[in-house]
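Chain residues, written in single-letter form:
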Amino acid sequence: MEQEKTLVILKPDAVQRGFISKILGRFEEKGIKIVALKMLFVEKDRAHKHYADHKEKPFFSGLVDFITSGPVCVIALEGEDVIEVTRNMVGATDPKKAQPGTIRHDFGMHIGRNLIHASDSPESAKKELDIFFKKEEIVEWEHNQYTWVYE
Ligand code: UDP
Ligand code: MG
């Protein structure tokens, strides 16, 4: 069973609106293992690093202002194909276009307030996990439900 890890950020709107437990609960219910989590303010430098690919985009400065505007919750998830599975659970970037049942659809109304970030590839997952977590902060543990989650 090939396990991989991904980074999720509950953005300041998710925290302010009181959705940490609801969103985290979806990952737990899905059978995904949480291997790290913490709350922090994202400093400007870190925001720039995390969103480096979007530096030239017109929404970049607004995005940096938003992600640094309040505390966020950063989470490392582990599971089989968890990068893709998590992106599917998160939904399209614009909550108005996201499918019902996705986090962005169910909780959001605007592309600039879309509640959650999730890594989009193995390369970005590795890069983003390194930005937010030290190696020793990732907790390797045995999920005792795994035989009931995976064949
Ligand atoms: N974003 C925005 N306006 C846009 C496009 C993106 O504010 O027109 C923000 C939004 O918060 C999004 C983030 O920039 O989540 C990163 O954009 P990306 O295209 O990588 O979307 P994601 O991978 O988060 O779905
Ligand atoms: Mg992205």
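Quick caveat, the model's predicted, so the values are computed rather than measured.

S.K.: Describe the overall build of the protein chain, naming the residues involved and giving the relevant values.
M.R.: Check the secondary structure of the protein chain and you find eight helices and four strands. Going residue by residue from the N terminus, the α and β elements of the protein chain occur as β-α-α-β-α-α-β-α-α-β-α-α. Over its C-alpha trace the protein chain gives a radius of gyration of 15 Å, about what one expects of a compact globule, namely 15 Å for 151 residues. C-alpha extents for the protein chain along the principal axes are approximately 45 × 35 × 25 Å. A burial count over the protein chain gives 48% of its 151 residues as buried. Of the contacts made within the protein chain by residues no fewer than 6 positions apart, 78% connect residues no fewer than 24 positions apart. For the protein chain, the accessible area works out to roughly 8,700 Å², and carbon and sulfur atoms hold 52% of it.

Procedures and definitions
- Residues numbered from 1 in each chain as written.
- Chains lettered and ligands numbered in written order.
- Predicted model: local features only at pLDDT ≥ 70, side-chain atom pairs only at ≥ 80, totals over all residues.
- Heavy atoms only, no water.
- Helix = DSSP H or I, 4+ residues; strand = E, 2+ residues; numbered from the N terminus.
- Rg over C-alpha atoms; globule rule 2.2 N^0.38 Å.
- Buried < 20%, exposed > 50% of the residue type's maximum accessible area, 1.4 Å probe, protein only.
- Contact = heavy atoms within 4.5 Å.
- Areas by Shrake-Rupley, 256 points an atom, 1.4 Å probe, with all protein chains shown as cover.

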